[in-house]
Amino acid sequence: MAATDEGSQPTIEHPLLEPDLLERRLYQLKLAGTAANDHTLVCLPTGLGKTTVSLLVTARRLDEVGGKSLMLAPTKPLVSQHADFYREALRIPDEEIVVFTGDVSPDDRAALWEDARIVMATPQVIENDLVGGRISLSDVTHLTFDECHRATGDYAYNYIAERYHEDARDPLVTGMSASPGGDEEAILEVCENLGIREVEVMTEEDADVAEFTHDTDVEWERIELPEEVLEIRDALNEVIRDRLEKLKELGVAKSTQPDQSQTDLNRMRAELQTLINNDQSEGYKGMSVHAEVMKLRQAVTLVETQSVEAVRRYFERQRNQARTSGASKASQRLVSDPRVREAMRKAESFDELHPKYRKTRMLLAETLGLEGGERVIVFTESRDTAEALTDFLSESFDAERFVGQGDREGSDGMTQTQQQAVLDRFRAGEFEVLVSTSVAEEGLDVPEVDLVLFYEPVPTAIRSIQRKGRTGRQSEGRVVVLMAEDTRDEAYFWISRRREKEMESELRDLKGMADDLEEELDDAQRSLDAFESGAKVNAGGGESKEGNGTSSGSGGVRSRPGLDDFAGDADGAEAEDVETHDPHAEGDAVEIVADQREMDANIARDLSRRDGIEIRLETLDVGDYVCSDRVVVERKSVADFVDSLVGGERSVFEQVGAMARGYSRPVVIVEGEGLYEQRDVHPNAVRGALSSLAVDFGASVLRTESEEDTTELLAVIARREQETADREVSVHGEKGAKTLGEQQEYVVSSIAEIGPVTARSLLDEFGSVEAVMTASEGELQDADGVGTVTAERIREVVGSEYTGTK
């Protein structure tokens, strides 16, 4: 396909766009026109300007509607890239285009949000800020989900989209992806999760798009592995057969062939977990053997598809893990097996050049030397390979690595600043070869390259399409995939070919059935109209009812409440079909403080969705949830609860003891079923632990069936504490926040357990703690409520010689 001369293209003019900057492309304008009018999924091949489409919609919305724009992207480098592009293209002060990642503190994000017009963020940060009530989406008039194919399962995009449609006064969603899903069902799931009603698809076959693209043919280079490498693989496969034979004896493996599918391995693990749940020792033994099989398969994959150097590094990590005090039996057996040790020895003695290394160097020499190319990207699945390959290629070329941020044993990750610096140098032509792991796949705007080299086939169509998008934008480019013969590379090759053909066919079909798809989405998304008209289901419960048993005393509750008193604590589920409210109305809300680490569960998210409940996220010193100044809750699954009794860094008794020192009403929620069926712990031992928590530590131990049940219970506890008992919320507890008078009452009430009422009477009578302590028995009896027996006990405690605690 021939490209149109860029110099002859007119540019886009708009009050918020920098003049003479954005090339006028008809297909982008068409997509932006549709996306500006309804919630739209934009499908466009990588490199053809999905971000420009989103920017055009943002500029129009900010100009015509106002408010602010939010753009989400799955990685920090991608967020930074989008921010740079928007700052360059928009006539908006740079300080009003802000970046939200985990590197920005929550307090700073809350302050920046207020003044920002455009926010670029990772979804996890926005999810946490929404759950914690630090930001509101009410003024956001355009929300873009980049790489929106991720909007499945529990990914943060889904929660954010739900909150956006619920909270925003004038919402508009744009989803962007080069590959939204492998089939119609997957695409529909993404659309429904994001609240999308329109689907716009452009392919390279469209005339408006064709002039800006070039054909990119994929070349497959078959690599023959040397005999020494195959010997390492065969030795490891022999050990895998041996371990699978043990699993077959347990009845979970159907075959001992080492090339078992991942589906079969997952099935084995599920069957072993069932045995463990039934407290059968075979399950624990089998799970350890299964872990060994997975480790061995990883080693085989590395030696087959990566390099001997990669498997050598892997073996070294396994050796180090086996030496640690907490090493698993699987790791220890693995490195002690004579056949594995022999494979390690062969890997360490292999000093020849791996054929994939040789072929990579040859292809780079052709591209950068003979053909006069300027840039090459090499993609690999393994960080070990990326680092070793960078070292090897640096002997002949200017090469740098590009890896993720997480540190690993023997491998330091790259900070966001380092990643950005590498990309900037690559764009500027300061080096010619970028060796990258999968971190650079999704949308990073690395420049056009002359060659994209896949060190191994990619079995996922989405990732493969994204990688090929790095070349063939404005000029001819090559895509080469290295494939080791008679290895898993070949299996991945066929999987990749099949899935890519399915994706291409699906996009063509999607384009042809857009009208039918939109009609189906309209039926599924009717609830959006309810949000946009200001009517919303009341999921958080109504106000507490009058006459609910509150006494006239300060914060006091009637001593013998009935069921009617508790009815007002329900979350209003019975009224869901009839109650509506203004989603933007403000009023007093019940607050629950949740520990940041509890975000692994859905409880805080579910509570944050409820009307009348606000969630604040903090890193709590004790407990998982704070419901008032006296109630802190520790939540444990039944498995975690039993684990905390028999081991772990901190037992449940230590945790509850710390809770009791700060809060007078510590609560332990034990969640799930099968409490007396966990591990090999006798049921009476569990009952004894429950009794100790209640009697020795004064903790209330409550049982729930599920996360949903725990969510309901927390909502009820918080409502009773804050609405019925009129308590405040304090992450430091009531004991650390007492007034002077309360502390004086506390000291006196502790004498001979006389209680707070008598303590107040004594202080009213004598005026100070010191005077109470020095009063005689007769004087003490002058106080209301103090008789002879009480006066004697007080004098006995105050005046007796200390005898110790023995």
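Because the structure is predicted, anything quoted here is derived from the model rather than measured. (Residues numbered from 1 in each chain as written. Predicted model: local features only at pLDDT ≥ 70, side-chain atom pairs only at ≥ 80, totals over all residues. Heavy atoms only, no water.)

K.L.:
Teacher, can you tell me more about the packing of aromatic side chains here?
P.N.:
Remark: the centre distance and the inter-plane angle together describe each pair of aromatic rings, the angle taken between the planes. This structure, assessed with the given rule, holds nine aromatic pairs. On the basis of an interplanar angle of 75° and a centroid distance of 6.2 Å, the ring pair of Phe 85 and Tyr 86 is categorised as edge-to-face. Residue Phe 85 is classed as partly exposed on the basis of its relative accessible area of 22%. Since its relative accessible area comes to 1%, Tyr 86 is described here as buried. Between Phe 145 and Tyr 157, the ring centres sit 5.0 Å apart and the planes meet at 70°, which makes this aromatic pair edge-to-face. Note that Phe 145 is positioned in strand E5 (residues 140-146) and Tyr 157 in helix H6 (residues 156-167), a separation of twelve residues in sequence. Considered together, Phe 145 and Tyr 157 belong to a single accessibility category, that of buried residues. Members of the aromatic cluster, connected to one another through ring pairs, are Phe 145, Tyr 155 and Tyr 157. Lying across the ring of Tyr 676, Arg 687 places its NZ or CZ 4.5 Å from the centre. (Phe/Tyr/Trp six-rings, centres within 6.5 Å; stacked < 30°, edge-to-face > 60°. Buried < 20%, exposed > 50% of the residue type's maximum accessible area, 1.4 Å probe, protein only. Helix = DSSP H or I, 4+ residues; strand = E, 2+ residues; numbered from the N terminus. Lys NZ or Arg CZ within 6 Å of the ring centre and 35° of its normal.)

K.L.:
Where do I start with the side chain of Thr 437 in this structure?
P.N.:
As for its placement among the helices and strands, Thr 437 is situated in the loop between strand E11 (433-436) and strand E12 (451-454). Thr 437 gets classed as buried once you look at its relative accessible area, which sits at 9%. Not counting residues within four places of it along the chain, the set of residues in contact with Thr 437 comprises Phe 379, Thr 380, Ser 382, Arg 383, Ala 386, Phe 402, Val 403 and Gly 404. (Contact = heavy atoms within 4.5 Å.)

K.L.:
Mind showing me how you'd approach the nonpolar core here?
P.N.:
Within soluble globular proteins, side chains that are nonpolar tend to cluster in buried spots. Leu 70, Leu 72, Trp 113, Ile 126, Phe 145, Leu 194 and Ile 615 are the most contacted members of the largest nonpolar core, which has 57 residues in total. Looking at which element gives the most residues to this core, the answer is H6, with six residues. Look past the residues within four positions of Ile 126 in its chain and what remains in contact with it is Leu 70, Leu 72, Phe 100, Trp 113, Ala 121, Ile 135 and Ile 160. Core analysis: the second largest hydrophobic core is formed by 39 residues, Val 239, Leu 275, Ala 310 and Val 335 among them. (Core = buried A, V, L, I, M, F, W, Y, C linked by side-chain atoms within 4.5 Å.)

K.L.:
What is the right way to read H6 from this model?
P.N.:
A turn of α-helix holds 3.6 residues, and therefore any two residues three or four places apart point the same way. Its twelve residues place the ends of H6 16 Å apart at the C-alpha level, agreeing with the 16 Å of an ideal helix rising 1.5 Å per residue. Most of H6 sits out of view: eleven of its twelve residues are buried. (Expected span 1.5 Å × (residues − 1).)

K.L.:
Got a minute to help me understand the sheet that holds E12 in this structure?
P.N.:
Across a sheet, strands are paired by hydrogen bonds formed along the backbone, either parallel or antiparallel in direction. Spatially, the six strands line up as an open sheet ordered E8-E13-E12-E9-E11-E10, and their pairing is parallel. At either margin of the open sheet sits one strand with a lone partner, and together these are strand E8 (218-223) and strand E10 (399-402). Across the sheet, the axes of successive neighbouring strands diverge by a mean angle of 20°, strand direction being ignored. Sheet analysis places E8 next to strand E13 (residues 478-484), joined by six bridges and oriented parallel. Directly across from Arg 222, in E13, lies its bridge partner Met 483. Across the sheet, helix H15 (residues 355-370) lies against E8, strand E9 (376-379), E11, E12 and E13, angled at about 165° from E13, the strand it touches most. Most of the contacts of helix H17 (residues 416-427) go to E10, to which it runs at about 140°, and overall it touches E9, E10 and E11. (Pairing = 2+ DSSP bridges. Axes fitted to C-alpha atoms, helices over the stretch in contact; angles between N-to-C directions.)

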